[in-house]
Each structure stands twice: as structure tokens, then as C-alpha cells.
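Chain by chain, the residues:
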Amino acid sequence: MNGILILDKSPGKTSQKAVSEVKRILGVRKAGHSGTLDPLATGVLPICLDEATKLVQFLSQDDKEYRATMLLGVTTDTLDIEGRITGRRNPAVDEAAIREALGGLTGEMTQEPPRYSAVKYKGKPLYAWTRKGIDVSLPPRTVRIYSTVLEEISFPYVRFRVACSKGTYIRTLCADLGERLGCGGCLAGLRRLRSGQFTLEAAVSLEEVCAEEREKILAARVISLSDGLLHMAAIEIGGELAERIREGCQPDGPALRDYHIPSLENGDMVKFLTSDGGLVAVARLLCPSVQLTALEMGQPAAKILRVFRD
């Protein structure tokens, strides 16, 4: 069963636990997710099955969109409501101040991974070191906040939507927002609305599916390898070239000369498909498409990154 299942993860469950449940229900050999959701969080969790596990490296780079609920006036050691309370302050702020603070979060910023996070250090998640009393500081990462939208204020709670780059910690964003408002704050609830091209509309919840029908319903919702890469330009190739690529061939100029797509540039990612839509490989172009005709035999035109047998 090669493909991607979009799960609506329930609260109180780790992402890996959700993957294990899907793996057991569908009886697949391999499965992996393309972006961790904390146990507190719910929403879109793309789970790659069997051959699709090779896609994780491409899907994990996708932008995300969340709906976050923030508790004003409370700070914790985990930056969310599940942690130990480290401070309380009166959230004497109004809607105008909240809107201004939210608007100030857009753009590029650096974030240090929270001490209670799943990011790895020497092979272990950061939270494992923290629980042992070992303070590990990892280099800050650069993230980008594309937009923030205030949805509701019900003091001391504030609900907002945020679109951001991969690797953004919404807990950290809430902590920063609380400091900007002068009262502190922590994450009280989080729902992922989108991960790349995948949205809640395509997601299925295990808890809402009858146990006796789970395997059938989940199997029917699996997205094909090719449809999981809608953001990549598709190049349909013949059977002979497809087999050569699957055997390790790196296509040269003459091999791709008949598949010219004017808009493609050097460095663009493409997917090679068979005539029936099967995914053969994901590759990175080594020259603009308009220069393919100038390449000679043996001059590489694309770097094959992953090969699939769909």
C-alpha cells in the first residue's frame, strides 16, 4: 500500500503513536509522518506508507498553518498548559494591543528549540535530556511567519491563526506574544489546519471511524505517490527511460530532450511519471529546461534524488 494518508490526529497522543496505529490497521511494513505534532496538538498529520516513506524528506519542508489558542497571564516551563507554572500576571491588555502584537510577529525571526521538544540532540529528543536535569541549548533556527489572523478573544484566552515555515514552534510564538503584551502567556490549544498541500478537508480521524470499518475506510483515503507531490512539475517519460532510471541511470541531455518544459529552471524539483501516472523518481534539474537541447551525450541533465516502484 504505497501512498499518503492524511490523519486528523487526536489530542493526548504522540505523532509516533498515531503512525503505529495506522500501520497496524492497514498492515503496512513501513510508515512515517512528515512533521511532528505534540500530544497536545490535533489536526493534519500526513502519514507516508511503504514506498511513500521515501517522500518524507520532501514533505517535511512544507509550510504549515495552525489555529492556536493562547492563555494570557500564565507562563510555564514547557511553554504550554501541560507544564509547570512558572509565573502569573494580570493580563491587563485590550484587543488593540493584541492585534498590534500579533501583527508584529510576521516576518523572519529566530527561535531556540524549546527544552521540552522532540528535536534530537546526540540521538535523543531534547525533552529526554531536560527530564534528566541536563540543560542542553541548541542553536537557534530561522523561521518565517507569513501571516497572523486574530479570530477570537475570550479573556484570558486568545485564539489566532498563523501561517508559517517548517520548524516553527507555536509554543515559542505564544511565549513571545505574551512577553510583547507584558503579561506572559502559554499555548493552551493547537490545531494544524494545513501541511503543504494537505488540509483538514482531506483528513480522517481514527476516533470517528467505526473500528470494524477502519481498514476499509483508511485504505480508500490513501493518496497516490504522484498526487502527494502536486507542487512538483510532472514529466511523463517512456517505459524504457523509466526502467533505466529505476536501475540507477542519471538522465543526460539527449534522454530528456523530448520532455522540454519551458518554465523549468536550474535547481527545480521534478517528478518523473509513467504514462499511467506511476511515480518513477524525484529529481533536481541541473540546468534550465531550455538548455536541454544543448547538452551532449553523457552530460547530466537531472540529479535523481529518490527512485520509486509504485
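The sections below set out a description of the structure shown in this document. Along each chain, residues carry numbers from 1 onward, in the same order as the chain's sequence is written. Reporting in this predicted model follows two pLDDT cut-offs: at least 70 for local features of residues, and 80 or more for side-chain atom pairs to be given and counted; totals over whole chains, interfaces and linings ignore these cut-offs and use all residues. Remark: hydrogens and water are excluded; side-chain values derive from all non-hydrogen atoms of the structure.

### Things to note about the pattern of salt bridges
Line of reasoning, step 1. The rule for a salt bridge is simple: a side-chain nitrogen of Lys or Arg has to be within 4 Å of a carboxyl oxygen of Asp or Glu. This model, assessed by the stated rule, comprises 15 salt bridges.
Line of reasoning, step 2. Glu-207 serves as the salt-bridge partner of Lys-13, at 3.0 Å between the closest nitrogen and oxygen. Of this pair, Lys-13 sits in the loop between strand E1 (3–9) and helix H1 (15–26) while Glu-207 is found in the loop between strand E13 (198–199) and helix H6 (214–220), placing the two residues 194 residues apart along the sequence.
Line of reasoning, step 3. Judged by its relative accessible area of 44%, Glu-207 falls in the partly exposed class.
Line of reasoning, step 4. As a salt-bridge pair, Asp-77 and Arg-84 come within 3.8 Å of each other at their nearest N and O atoms.
Line of reasoning, step 5. A relative accessible area of 17% means that Asp-77 is categorised as buried.
Line of reasoning, step 6. Three exposure classes are used, based on accessible area relative to the maximum for each residue type with a 1.4 Å probe and protein chains only: buried under 20%, partly exposed in between, and exposed over 50%. Judged by relative accessible area, which is 55%, Arg-84 ranks as exposed.
Line of reasoning, step 7. Here the salt bridges do not stand alone but share partners, grouping Glu-65, Arg-67, Glu-151, Glu-152, Arg-159, Arg-161 and Arg-194 into one network. Labels follow the DSSP assignment, with helices taken as runs of H or I lasting at least four residues and strands as runs of E lasting at least two, numbered in each case from the N terminus.

### Concerning the sheet that holds strand E14 (residues 233–236)
Line of reasoning, step 1. Think of it this way: DSSP has to see at least two bridges between two strands before they count as a pair. Pairing is mixed in the open sheet, where four strands are placed in the order E14-E15-E16-E17. Two strands in the sheet have a free side with no partner beyond their single neighbour: E14 and strand E17 (302–307). This sheet shows a mean twist of 35° between the axes of neighbouring strands, independent of strand direction.
Line of reasoning, step 2. On top of the sheet, helix H7 (residues 239–246) reaches strand E15 (269–273), strand E16 (279–285) and E17; it is set at about 75° to E16, its chief contact. Only the stretch in contact is used when fitting a helix axis, every axis being a line fitted to C-alpha atoms; angles between N-to-C directions are given from 0 to 180 degrees. Residues are treated as being in contact if the distance between any of their heavy atoms lies within 4.5 Å.

### A word on helix H3 (residues 95–103)
Line of reasoning, step 1. For H3, every residue scored as buried is listed here: Ile-98, Ala-101 and Leu-102. Projected down its long axis, H3 carries its buried residues within an arc of 100°, all on one side. Opposite the packed face of H3, turned more than 90 degrees from it, sit the exposed residues Ala-96 and Glu-100.
Line of reasoning, step 2. If you follow the buried residues of H3, they end up packed against strand E4 (64–72), strand E10 (141–154), strand E11 (157–164) and helix H5 (170–181). Along the arc lie the directions from the helix axis toward the C-beta atoms.

### Focus: the packing of H3 against H5
Line of reasoning, step 1. As a packed pair, H3 and H5 sit with axes 10 Å apart at the nearest point and diverge in direction by 130°. By the angle between their axes, H3 is oblique relative to H5. At the point where H3 passes H5, the crossing takes the right-handed sense. Contacts between H3 and H5 involve Ala-97, Ile-98, Ala-101 and Leu-102 from the former and Leu-177, Arg-180 and Leu-181 from the latter.
Line of reasoning, step 2. Among the residues forming the contact of H3 with H5, the class breakdown is six nonpolar, no polar and one charged. With respect to orientation, any angle under 35 degrees is reported as roughly parallel, any angle over 145 as roughly antiparallel, any angle of 65 to 115 as roughly perpendicular, and every other angle as oblique. Note on convention: near helix rotated counterclockwise from far helix by under a right angle means a left-handed crossing. Clockwise means right-handed. Each residue is assigned to one class: nonpolar for Ala, Val, Leu, Ile, Met, Phe, Trp, Tyr, Cys and Pro, charged for Asp, Glu, Lys and Arg, and polar for all the others, Gly among them.

### Some points on the pairing of E15
Line of reasoning, step 1. Among the five residues of E15, four are classified as buried, and the element is accordingly described as predominantly covered.
Line of reasoning, step 2. Summarising the sheet, E14 and E15 pair through four bridges and their orientation is parallel. In the strand pairing of E15, Ile-235 is matched with Phe-272.
Line of reasoning, step 3. Relative to E16, E15 runs antiparallel, the two being bridged by five bridges.

### Brief notes about the packing of aromatic side chains
Each aromatic ring pair is characterised by the separation of its centres together with the angle its planes make.
Line of reasoning, step 1. The aromatic pairing rule takes the rings of Phe, Tyr and Trp, using the six-membered ring of Trp, and pairs them if the centres are within 6.5 Å, calling planes under 30 degrees apart stacked, those over 60 edge-to-face and the rest tilted. For the coordinates displayed, the defined rule picks out one aromatic pair.
Line of reasoning, step 2. Note on Tyr-121 and Trp-129: the rings are 5.6 Å apart at their centroids and 70° apart in plane angle, and the pair reads as edge-to-face.
Line of reasoning, step 3. Taking relative accessible area as the criterion, Trp-129 reaches 15% and is therefore assigned buried.
Line of reasoning, step 4. We count a charge as sitting over a ring when the NZ of a lysine or the CZ of an arginine lies within 6 Å of the ring centre and within 35 degrees of the ring normal. A cation over a ring is seen here: Lys-54 above Phe-308, with NZ or CZ 5.7 Å from the ring centre.
Line of reasoning, step 5. Lying over the aromatic face of Trp-129, Lys-132 brings its terminal NZ or CZ to 6.0 Å of the ring centre.

### With respect to H7
Since the α-helix advances by 3.6 residues per turn, residues separated by three or four positions end up pointing in the same direction.
Line of reasoning, step 1. Of all the positions in H7, only Leu-241, Ala-242, Ile-245 and Arg-246 are classed as buried. All buried residues of H7 fall inside an arc of 135° around its axis, so they share one side. For H7, exposure combined with an orientation more than 90 degrees from the buried face picks out Gly-239 and Glu-240.
Line of reasoning, step 2. In this structure, the buried side of H7 is in contact with helix H8 (253–256), E15, E16 and E17.
Line of reasoning, step 3. Positive phi shows up at Gly-248, right after H7, with a value of about 110°.

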